[in-house]
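Listed below, chain by chain, are the residues.
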Amino acid sequence: MSFKIKSSAVVETLDIRRAQHRVNLIGEHIDYCGYSVLPMAIEQSIHAAFRHIPESSLLSLRNTASEYGNFELDLTKIVIDKTTFHWSNYFLSGVLGVINMAKERNLNINSGVEVCILGDIPPSAGLSSSSALVCAGAMIMNHIYEVGLVKTELAGLCATSEKFVGTEGGGMDQAIAMMAERGYAKLIEFNPLRTTDVLLPDCAVFMVLNSMIIANKAAFESFNVRVVEGRIGTLVLSQKYGKGSIRKPSDLQKGLGKSLDEMRRLTKEDLHEEPYSKKEVCSILGITEEELEESVLTSNTKHIQSFKCKQRLLHVFSEAARVEEFKKTCDNPQQASLATLGKLMNESHASCRDLYECSHPELDKLVNLVAPMAYGVRLTGAGWGGCAVAMIPAEKVEEVQEYVWKNYYQKLEKNFARSQVMFVTSPGPGATLFSLE
Ligand code: ADP
Ligand code: NG1
Ligand code: MG
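In this report, we go over the structure that sits alongside the text. Keep in mind that what you see is a predicted model, and the values were worked out from it rather than measured.

Attention shifts here to the side chain of Glu28. Relative to the elements of secondary structure, Glu28 occurs in the loop between β3 (15-26) and β4 (38-53). Overall, Glu28 belongs to the buried group, its relative accessible area being 1%. For Glu28, the side chain forms a polar contact with the side chain of Asn24, separated by 2.8 Å. A polar atom in the side chain of Glu28 sits 3.1 Å from the backbone nitrogen of Gly381. When near neighbours in sequence (up to four residues on either side) are disregarded, Glu28 contacts Met172, His315, Glu319, Cys352, Arg378, Leu379, Thr380 and Gly381.

What follows is the structure, given as structure tokens:
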């Protein structure tokens, strides 16, 4: 296999990094709240072919898909402009994370690299194409600059680095991209980052179905709005219970020594239904609007005037409990397990749709079409479009695909291959290096 990195030259020796993407089975929008999530890696991935250029400090970034365009920059002067939403921002954030680490370790970073990206992950579909790119960038620089970061360290570094693009996400995507193992979904826990194998029931299959609604998380503010709504709700509760300025739900739970159920009850009782106005938040927290914008909001949410704290936190605490139950059910398979897992997935979707408001009418339509034929079905990833994941009886795969093809995809009147928009998947391996030298 060879890649044309420069149009004029076929590269003779090169390495390829492959960074997986994932489907999250349960645990949506809770990784950045400090709670565990349960994804698995799938086969689609980002391949990055690269060649070290010792005599230069240039990064030359190409893409086999012409719509993305090429990119070149001096590695000693990386700037990531959050406002451009250019695809290279993702790759560069991984690169920059490793360069910063290499500098901390006083390593020699005076050389360049040519990279060519080939990806088959549906972008902006909740399957984490963004993090696959971040991980590819980080893995290449880790290799070239001989930084020596192991997979867990890279996963943590990539989670922090992806924030350079502007979204304040958690660490699920980078962790599963790096640490997945074939045959297992993973329970991912944070602080410290660790993963546990989860064996999925073998009499059901997981099908991914793309609603075809594009949701580019860096280009709209909704993702960060949800992050800050949860943050503000946590600060309000923390203040009320004399715990100071705790801003992460899991930290507050720990600080209060309460169960998830108790956290839900307390959220129900202590927060009000109507959105909190900016003024009210400032008055409760005893800070000015400028201080709120500086220390709590993100650069793209400073203009937001009201925050649905109660609804968001109710989702977070109930979703965290569903992850625990999902894992427990997989660990102790019984006759009713499939029904239990399915119910948890359905509840997760309802919570994302109604409390977190991160679904989309088309995605709901798709979920509702599949639901009667599935044990459970839910949106996966950040939402606002993108994919659903359904757990269905193995013998129903064709029936489901036929039904959804007729009743959803054909009605969109667009040209796409069936296998690209709906596919059955099983737990794939994590990021890999193929050396072609
Ligand atoms: P998700 O992570 O759910 O796929 P995001 O909105 O977080 O969605 O990230 C999608 C972005 O990732 C795209 O807008 C694009 O910039 C980048 N991307 C995804 N796949 C590729 C690819 N093959 N080549 C270049 N950029 C890509
Ligand atoms: P996607 O949809 O893949 O961009 C995002 C976040 C995850 C997680 C999910 C929602 C990043 C890199 N990814 O995923 O951390 O919060 O949404 O569960 O921010
Ligand atoms: Mg993403």
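Glancing now at the site of ligand 1. Every one of the 18 residues lining ligand 1 counts as a neighbour, but Asn63, Ser124, Gly126, Ser129 and Lys217 are closest to it. Gly126 places a main-chain nitrogen or oxygen 2.9 Å from an oxygen atom of ligand 1. Within the side chain of Ser130, one N or O atom sits 3.0 Å away from an oxygen atom of ligand 1. Considered on its own, ligand 1 offers 570 Å² of accessible surface; in the complex 93% of this is hidden by protein.

Attention now goes to the site of ligand 2. Around ligand 2, 18 residues are found, and the nearest of them are Arg22, Glu28, His29, Asp31 and Asp173. One nitrogen or oxygen atom from the main chain of His29 is found 2.7 Å from an oxygen atom belonging to ligand 2. Between ligand 2 and Gly170, the relevant distance is 3.1 Å, taken from an oxygen atom to a main-chain nitrogen or oxygen of the residue. Protein coverage of the free-state accessible area of ligand 2, which is 450 Å², stands at 96%. At three residues, the largest contribution of residues to the shell around ligand 2 is made by helix α4 (residues 172-179). Here the residues of the shell around ligand 2 sort into four nonpolar, eight polar and six charged.

Parameters at a glance
- Residues numbered from 1 in each chain as written.
- Chains lettered and ligands numbered in written order.
- Predicted model: local features only at pLDDT ≥ 70, side-chain atom pairs only at ≥ 80, totals over all residues.
- Heavy atoms only, no water.
- Helix = DSSP H or I, 4+ residues; strand = E, 2+ residues; numbered from the N terminus.
- Buried < 20%, exposed > 50% of the residue type's maximum accessible area, 1.4 Å probe, protein only.
- Polar contact = N/O pair within 3.5 Å; in protein donor to acceptor, adjacent residues only side chain to side chain.
- Contact = heavy atoms within 4.5 Å.
- Near = heavy atom within 4 Å.
- Areas by Shrake-Rupley, 256 points an atom, 1.4 Å probe, with all protein chains shown as cover.
- Nonpolar A, V, L, I, M, F, W, Y, C, P; charged D, E, K, R; others polar.

The values reported here are purely geometric and, on their own, carry no functional implication.
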